[in-house]
Amino acid sequence: MKASTKIFIAATSCVALVGSLSSCTLSSNSGSSGNKTLTVWTYYSDTGQKNALSERDAVFEKDNPGWKVNQVQVPFDQMDQKLLAAAQTGNGPDVIANNVVVDFPSLVGAGVLKDISGEWNGYADKGLFPDSSVWRSNGKVYNVMSYTNLLGLYGNMDILAQYGITTMPTTMDDMEAALAKVQAGGKYQGLAEAGAPQVEGAWLFMPWLLSAGVNYCSLSSHADRVTATYRRIAAWAKNGYIPQAAATWDQATAWQKFMAGDYAFGLNGNWNLRDAKTNATFTVTTAQFPTNGGPSVVFPGGEGLGIFAKSKNAEMAWKYLQTQWLSKDAQVRNFQTSGSVPFRSDATSDATLAQDAAALPFLKATTNVAAWPHNPKTADMQISIGKAVSATISGQQTGEEAAQSAMAGVAAAQKAGGGGCE
Amino acid sequence: MKSSGHKAGETIVKILLILTYTTPLAWIILNSLKSDSDVLTKPNTVIFTPSFEAYNTVFLDGVGAIFTSLQVSLLVTAAVLLLATPTAYALATKVSHGWNRVVTATLTLLLILQLVPQPMTVIPLYSVLATWGLLGTLPGLILADVALFLPFAIMLLRPFAVSVPTAVYEAAEIDGASRWRAFLSITLPMLRNGMFIVLSFVFIAAWGEFVYAINFLPHGTVFPVSGVLAQQISVYSVGWNRLMALAVITCLPLLAVFMFAQKRLVHGLSLGAVK
Amino acid sequence: MLQPRRKLVGAAVNSTLTLGPGSRCSSRCSSSSSSSSSSSSSSSSSSSSRLSLVRLRHPQNRNRVQQAPWLYLVATGAALTGFALYPLFVLFRMSVSDVGPTNLLSGWNVIGTQNFTDILATADFWMSLNRTFGLTAALLISSLGIAFFCASMLLTASRSTNIVLGVMVFCWAMPPIVTSSVWKFLLDNDGLFNSALKAVGLPLVGWLSSPNLAIWSVAIVLAWAGLPFSVMVIRGAMLSISPEITEAAAIDGAGFWRTQFSIVFPQLRPTLWILAVLTVLYGFKSFDFIYVLTKGGPGTTSSTLPVLAYFSAFNGFNWSIGAAIAVLTIIVVAIVAIPYMRSVRKEVAE
């Protein structure tokens, strides 16, 4: 027999054989068929976050014999699409941890999330959660948050001390002065900032505007402040305080740059606290996000926790949310493993957190957070800000041009989304 | 014909090419051996204490992913080969003017199908697979992958079929062989190299495909190689050393296939290439 | 175009050459084997090619006996109709409908050409189109010009040639997510390239962050990733050119490059033609590399059509806009590929 005929026959039999066996040969994370499975979709990739998950999963499985948790780690970029498609095919998870600050209106509109008002109202501990942790649409609860991730300022004290800076700057002006000193020294870089032309660039830049008293909804009515803020970041980029490369960095890259030890400052989030504590080769100090005229304000970020609307295990899913995220134990543990700041007041006052100096600025930041815009096109609004930031840092646009395109983009998105905002 | 100057030129070009293509490979291996902090503080250095930290973390994931990838890639490759071979043969036969028109139309269509950006086909495929009850099943993924790679495979294979001389078929016909018999005993053996190239191409492409895999595989299935690679890049962290360690682990099977296929892949294309 | 075929014919008719030229012995040695075969089997190479030429001129010879092989298309037709053509149709329908997060899979309202008029009115689209053309032009230079040069330099069969080709093909076979991540590091502001520049005292370059440079850095990486394939294809085609032709040129005193350009290059036209079409497809489809390297930034300076479509659909939740951009892309490439389709028609009708 000729070799090619063999290939052909081999191919045929391969398809037939493996095809017929495929249903049982695909390796699976889920347990044996005797167990009932609770499927959880997240996009965590950080080892700390993942360890915290599996630790609590073990607790849940012990408390609920016969149940098995199936953790599915969906790549971040595929998450929303998978959820939206699942809403229509019915083929989805039970428990969802979604990127609530961007996708909430879309997921609610598409019927991905179950209305958990009943569960939430019957939850004994709900009084311990601040209002900003509960996401409502038309008065109904769809997402709750157990922890929040917010932005603050990280400082490399080993570098700053060389320039006589011993306290962290609290205002943008102070910071500008500090950056000028570092820059003049010529040995180190200034600020590791994420300026990716997507929602991440907006997430890192919006606190600059927030503390100048401007939010998404009020952007176009404060053209002067928006312009001044974009001009400031343009000037920082021009003077080399922010490297041009930051124009394409996402927050993970910006953090890694800071951790490499060449940058005096890093604007980043509390989820890096654990990494800073265990892996930094220099002294790290944290502070609240510098103010820009007004008080320090940041957005409360983090994942919204919810139940899939078509889940057949909704009751168990709600139980799981409590074990995995909502209970005090879970929140304290999540803080220890990943640095996520708990929302529950009895968890924030826990000794573990209260004695953690590095975490304090972030805890304090939870008391003054801004409201996210309520508009189905919130993603487009954020992308407009992000693109403008990236264009400014790279020098593609001047501060004025960037401010113009940001305001125009946000206004257009707001209009396309029905005009609502607050 | 070739001067010593030309010889020197060849050597220089070879050295440049080797440098251009081995530097990224070396970088992958070096950084997979760096610790979490080393990969950030000194990504470019070659002097560091090797650490198997990253390999320890990803080894099990990597092995599981290889298993899934092997299944998917083998099945897809086999199915594509099975479909593409008769099609390439049919599109290479010259029967009548009418058939010529069919061939032209089909080839044009195959080209157009390759223009569709893959991420944009995910949503339509969701509906299709859901209608057929194939969403979240292995056959569903296989079919989606097959449809993705089949047009290119046919275009690659057809020139090989075209170059089979008609005289051979006519001889077979005179001997009373049916078309199917002629296809099996004449076309297939002569398409050997072409099939081999298609096999390697599709296997490589299926090995790297992750958009469909992530969307269409059953929940709880271990992701294939490229899906696990994509998982390493997320909003909260990017494990570069883990990504590189995974790259090394998951490229080992590819390397094995490659060792086996390289000679034919490199020289097989000499036969008529992608006409 | 006839050259490769002629040699194959020789190999096919002469049963002693079971492995076909090039597969057992590497490169140049295939030339000697084919010439030996032509001498041993009563000059089969030239006679059989004449034979096939005769048949080409008399298609009716075959019409008598042959049925159209429809059956051989059935399985492929079914698979492609269900999983490629129908999705393509859905994509078209999506582009004229209003598809957002709430009606992703069903319940679409047809809104006509509004998505298209909306997109065509944005500067983003036209700039992305320009960039895509620029990127494709750069890739054409690489996959035709540079690859022709490299293939010429890698013609001689030797151990070193095999090693170079082997490494190149292996890089080409690696998943794009890996190679693009590596390049992101190499081109970073303190990556390998800049470290090297720094070491020799040159100013640093913002490979991926300079608005004027980013798209070209992306082009370099894409060219790097695509070059091995082009080199393989061109080299393969070069090796299948009958050595008598190039040797004759050498006797006439033409130098190597002179021969390459005036003799080899014209012979390669069909191959280069195909390669050009594949490269245009590559330029208009490349997404994963750009996504990992720059996310379309800085600003929007490296955003090409597929990047624009992706971000509209998946980050902005505007699927119908994304679909409309994809449809426009398909139309643009189809126009670019018309000459190719013509040549296919001509070749089939021959």
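Residues numbered from 1 in each chain as written. Chains lettered and ligands numbered in written order. Predicted model: local features only at pLDDT ≥ 70, side-chain atom pairs only at ≥ 80, totals over all residues. Heavy atoms only, no water.

Engineer: Hey, could you run me through the UniProt feature "domain: ABC transmembrane type-1" (unreviewed entry) in chain B in this one?
Structural biologist: Here, UniProt's "domain: ABC transmembrane type-1" (unreviewed entry) annotation points to residues 66–261 of chain B. Annotation note: span residues 66–261 of chain B, helix share 80%, strand share 0%, distance between end C-alpha atoms 19 Å. (UniProt positions renumbered as here; feature names shortened; annotations may be inferred. Helix = DSSP H or I, 4+ residues; strand = E, 2+ residues; numbered from the N terminus.)

Engineer: What exactly am I supposed to notice about the pattern of salt bridges here?
Structural biologist: When their charged atoms lie close together, side chains carrying opposite charge are able to pair. All names here are of chain A. Tallied over the entire structure, the rule returns 14 salt bridges over all chains. Between R232 and D173 there is a salt bridge whose closest N-O contact spans 2.9 Å. With R232 in helix 9 (residues 223–238) and D173 in helix 7 (residues 172–185), the pair connects residues that are 59 residues apart, well separated along the chain. What makes R232 buried here is its relative accessible area of 16%. When salt bridges that share partners are traced, they join D125, R344 and D346 into one network. (Salt bridge = Lys/Arg side-chain N within 4 Å of Asp/Glu carboxyl O. Buried < 20%, exposed > 50% of the residue type's maximum accessible area, 1.4 Å probe, protein only.)

Engineer: Would you mind going over the interface of chain C and chain B with me for this structure?
Structural biologist: Reports of interface size often rely on the accessible area that becomes lost once the parts have come together. Counting residues at the interface gives 121 residues for chain C, matched by 105 residues for chain B. Our count for the chain C to chain B interface comes out at zero salt bridges. Our count for the chain C to chain B interface comes out at nine residue pairs in polar contact (both at pLDDT 80 or more). Residue composition of the side of chain C that touches chain B, by class: 86 nonpolar, 24 polar and 11 charged. (Contact = heavy atoms within 4.5 Å. Polar contact = N/O pair within 3.5 Å; in protein donor to acceptor, adjacent residues only side chain to side chain. Nonpolar A, V, L, I, M, F, W, Y, C, P; charged D, E, K, R; others polar.)

Engineer: Can you walk me through the sheet that holds strand 7 (residues 151–156) of chain A in this structure?
Structural biologist: Hydrogen bonds along the backbone pair up the strands of a sheet, which may run parallel or antiparallel. All names here are of chain A. Pairing within the open sheet is mixed, and its four strands lie in the order 8-9-7-10. Every interior strand has two partners, whereas the edge strands, strand 8 (189–192) and strand 10 (284–288), have only one. Between one strand and the next, the sheet's axes are offset by a mean angle of 20°, whatever the strand orientation. Bridge count for strand 7 against strand 9 (residues 263–269) is five bridges, and the pairing is antiparallel. Residue pairing for strand 9: L153 is matched across the bridge by L267. (Pairing = 2+ DSSP bridges. Axes fitted to C-alpha atoms, helices over the stretch in contact; angles between N-to-C directions.)

Engineer: Would you explain the packing of aromatic side chains in this entry?
Structural biologist: Aromatic ring pairs are described here by two measures, namely the spacing of the ring centres and the angle between the planes. All names here are of chain A. Counted according to the given criterion, the structure contains 58 aromatic pairs over all chains. Judged by centre distance (6.3 Å) and plane angle (55°), the ring pair of Y123 and F129 falls under tilted. For F129, a relative accessible area of 8% corresponds to the buried category. Where W255 meets F258, the ring centres are 5.5 Å apart and the plane angle is 40°; that geometry is what we call tilted. (Phe/Tyr/Trp six-rings, centres within 6.5 Å; stacked < 30°, edge-to-face > 60°.)

Engineer: So what exactly am I meant to see when it comes to the state of the cysteines here?
Structural biologist: Cysteine pairs can be linked by a disulfide, which is a covalent bond between their two sulfur atoms. Residues and elements named next belong to chain A. The final tally for this structure, using the stated rule, is one disulfide over all chains. Disulfide pairing is shown between C217 and C421; the S-S distance is 2.0 Å. On the S-S bond that ties C217 to C421, the torsion sits near -85°, and the link is left-handed. Of this pair, C217 sits in the loop between helix 8 (199–210) and helix 9 while C421 sits in the segment after helix 18 (399–416), placing them 204 residues apart in sequence. (Disulfide = S-S within 2.5 Å.)

Engineer: Quick question: what am I supposed to make of the interface of chain A and chain C here?
Structural biologist: The interface of chain A with chain C comprises 35 residues on the first partner and 33 residues on the second. Together, the buried faces of chain A and chain C total about 2600 Å²; carbon and sulfur atoms form 52% of this surface. Summed over the three residues of chain A that lose the most area to chain C, namely Q88, T248 and Q396 of chain A, the buried surface amounts to 21% of that side. Inspection of the chain A/chain C interface yields four salt bridges. A salt bridge links K387 of chain A to D124 of chain C; its shortest N-O distance comes to 3.6 Å. Put simply, chain A and chain C have 13 residue pairs in polar contact (both at pLDDT 80 or more) between them. For the side of chain A that touches chain C, the secondary-structure elements that each account for two or more residues are helix 3 (79–89), helix 4 (100–109), helix 10 (251–259) and helix 17 (378–394) of chain A. (Buried area = accessible area lost by both parts, 1.4 Å probe.)

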